[in-house]
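What the coordinates show
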Amino acid sequence: MTVDASAPTGTPASAPSPVPALTERQEARRQRILRATQQLAARGGFDAVQMREVAELSEVALGTLYRYFPSKIHLLVATMQDQLEQLHDQLRRKPPISTDPGERVAETLMRTFKALQREPHLAEAMMRALTFADRSVSAEVDSVNRLITDVIGDAIHAGRPLTRAELAAVRVVTHTWHSTLITWLSGRASISQVKADIDTACTLVSQAAGAE
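Computed from a predicted model, the values in this text were never measured in an experiment. (Residues numbered from 1 in each chain as written. Predicted model: local features only at pLDDT ≥ 70, side-chain atom pairs only at ≥ 80, totals over all residues. Heavy atoms only, no water.)

Details of the overall build of the protein
For the protein, the helix and strand inventory stands at nine helices and zero strands. Secondary structure of the protein in N-to-C order comes out as α-α-α-α-α-α-α-α-α. Burial statistics for the protein: of 212 residues in total, 44% are counted as buried. Sequence-distant contacts in the protein: of pairs separated by 6 or more residues, those separated by 24 or more amount to 73%. Here the protein has roughly 11,100 Å² of accessible surface; of this, 52% comes from carbon and sulfur atoms. (Helix = DSSP H or I, 4+ residues; strand = E, 2+ residues; numbered from the N terminus. Buried < 20%, exposed > 50% of the residue type's maximum accessible area, 1.4 Å probe, protein only. Contact = heavy atoms within 4.5 Å. Areas by Shrake-Rupley, 256 points an atom, 1.4 Å probe, with all protein chains shown as cover.)

Right, dumping it as structure tokens:
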């Protein structure tokens, strides 16, 4: 996954197309599908998520599932977005308290990482989906990218747009977070190594915020 932290600047070409609002019944069905996907992925990772099994577990017709999510990749990327939205809500209720913006971002990302760590098979499935995503999933991936940037932006200073320097730092931080998550999932990095890399990258945030 390539995280584009410049997305919030509002470039017209990258603006998402309007999505019709779901009815209450449709949203409930969508949430059942995402919960079923989460359960299957948590049990057996990427390969355990099969569209027919998702349909059965969520009690929807297979054709209905495909109308909501055209592919397994769409489904897992949407699950990633749903997980991040839940984490974002938790972080808003209990934000990091350090006075240093870089330290707040580092705490935010480690809390996000530890939440994913609790379900490693699920994390692996979602990250593989983001890695395999092609142009047909670009809108969904863009939504995940913007959400990650929003999470980091709130840790820097909620309610105010990021400066150009801060956006540049966020790009480096998000690339580092993504890379460390992949290396941890593959067993090539310990939690302490992950934290050290994230802490190092987040010093750029402190420098950028101090340069205002």
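Section: helix 8 (residues 164–185)
The terminal C-alpha atoms of helix 8 lie 32 Å apart, and with 22 residues this matches the ideal 32 Å at 1.5 Å per residue to within 8%. In the stretch just after helix 8, Gly187 is the one whose phi turns positive, near 80°. (Expected span 1.5 Å × (residues − 1).)

Some thoughts on the packing of aromatic side chains
Enumeration according to the criterion identifies two aromatic pairs in this entry. Centre to centre, the rings of Phe46 and Phe132 are 5.7 Å apart; their planes meet at 85°, and the pair counts as edge-to-face. You can see Phe46 sitting in the loop between helix 1 (24–44) and helix 2 (51–58) and its partner Phe132 sitting in helix 6 (residues 120–132), a full 86 residues away along the chain. Centroid distance Phe113 to Trp184: 5.2 Å. Interplanar angle 70°. Geometry classified as edge-to-face. With Phe113 in helix 5 (residues 101–117) and Trp184 in helix 8, this pair connects stretches of sequence that are 71 residues apart. Here Phe113 matches Trp184 in class, with each residue buried. A cation over an aromatic ring shows up here: Lys72 above the ring of Phe46, its NZ or CZ 4.0 Å from the ring centre. (Phe/Tyr/Trp six-rings, centres within 6.5 Å; stacked < 30°, edge-to-face > 60°. Lys NZ or Arg CZ within 6 Å of the ring centre and 35° of its normal.)

Re helix 2
Note: α-helices contain 3.6 residues per turn, so residues at a spacing of three or four share the same orientation. When helix 2 is considered as a whole, its buried residues turn out to be Met51, Val54, Ala55 and Ser58. Along the axis of helix 2, the buried residues cluster in a sector spanning 100°; they form a single face. Turned more than 90 degrees away from the buried face of helix 2, the exposed residues are Arg52 and Glu56. After helix 2 finishes, the residue Glu59 shows a positive phi value of roughly 60°. (Arc of directions from axis to C-beta.)

Considering the UniProt feature "DNA-binding region" (unreviewed entry) in the protein
Annotation from UniProt places "DNA-binding region" (unreviewed entry) at residues 50–69. The span residues 50–69 carries 75% helix and 0% strand; its end-to-end C-alpha distance comes to 12 Å. (UniProt positions renumbered as here; feature names shortened; annotations may be inferred.)

Description of the nonpolar core
Membership of the largest hydrophobic core comes to 58 residues, with the highest contact counts inside it found for Val105 and Trp177. Every residue in contact with Val105, bar those within four places of it in the chain, is listed here: Ile152, Ala155, Ile156, Val173, Cys202 and Val205. (Core = buried A, V, L, I, M, F, W, Y, C linked by side-chain atoms within 4.5 Å.)

Focus: the packing of helix 4 (residues 72–93) against helix 5
The geometry of helix 4 relative to helix 5 is characterised by a closest axis approach of 11 Å and an angle of 135° between their N-to-C directions. Here helix 5 runs oblique to helix 4, going by the angle between their axes. Once helix 4 is placed against helix 5, the crossing between them reads as right-handed. Taken together, the residues of helix 5 that come into contact with helix 4 (itself represented by Leu84, Leu87, Gln90 and Leu91) are Thr108, Arg111, Thr112 and Ala115. The class makeup of the residues in the contact of helix 4 with helix 5 is four nonpolar, three polar and one charged. (Axes fitted to C-alpha atoms, helices over the stretch in contact; angles between N-to-C directions. Parallel < 35°, antiparallel > 145°, perpendicular 65-115°, else oblique. Left-handed = near helix turned anticlockwise from the far one by under 90°. Nonpolar A, V, L, I, M, F, W, Y, C, P; charged D, E, K, R; others polar.)

Section: the packing of helix 5 against helix 7 (residues 138–157)
Any two packed helices are characterised by how steeply their axes cross, that is the angle between the axes, and by the distance between the axes. Helix 7 packs onto helix 5 with a crossing angle of 140° between their chain directions and a minimal axis gap of 8 Å. Taken together, the axes of helix 5 and helix 7 lie oblique to each other. For the pair helix 5 and helix 7, the sense of crossing is right-handed. Contacts between helix 5 and helix 7 involve Pro101, Arg104, Val105, Thr108 and Leu109 on the former and, on the latter, Val151, Ile152, Ala155 and Ile156.

Notes on the pattern of salt bridges
A full pass over the atoms with the stated rule returns five salt bridges. Between Arg92 and Asp89 there is a salt bridge, with the nearest N and O atoms lying 3.6 Å from each other. Residue Arg92 and its partner Asp89 are both found in helix 4; the two are separated by three residues, about one turn of the helix. Arg92 is the salt-bridge partner of Asp154, the closest N and O atoms lying 3.7 Å from each other. On the criterion of sequence distance, the pair formed by Asp154 in helix 7 and Arg92 in helix 4 is long-range, its members being 62 residues apart. For Asp154, a relative accessible area of 30% translates into the label partly exposed. On the basis of relative accessible area, Arg92 is assigned to the exposed category, the value being 53%. What emerges from the salt-bridge pattern is a single network uniting Asp89, Arg92 and Asp154. (Salt bridge = Lys/Arg side-chain N within 4 Å of Asp/Glu carboxyl O.)

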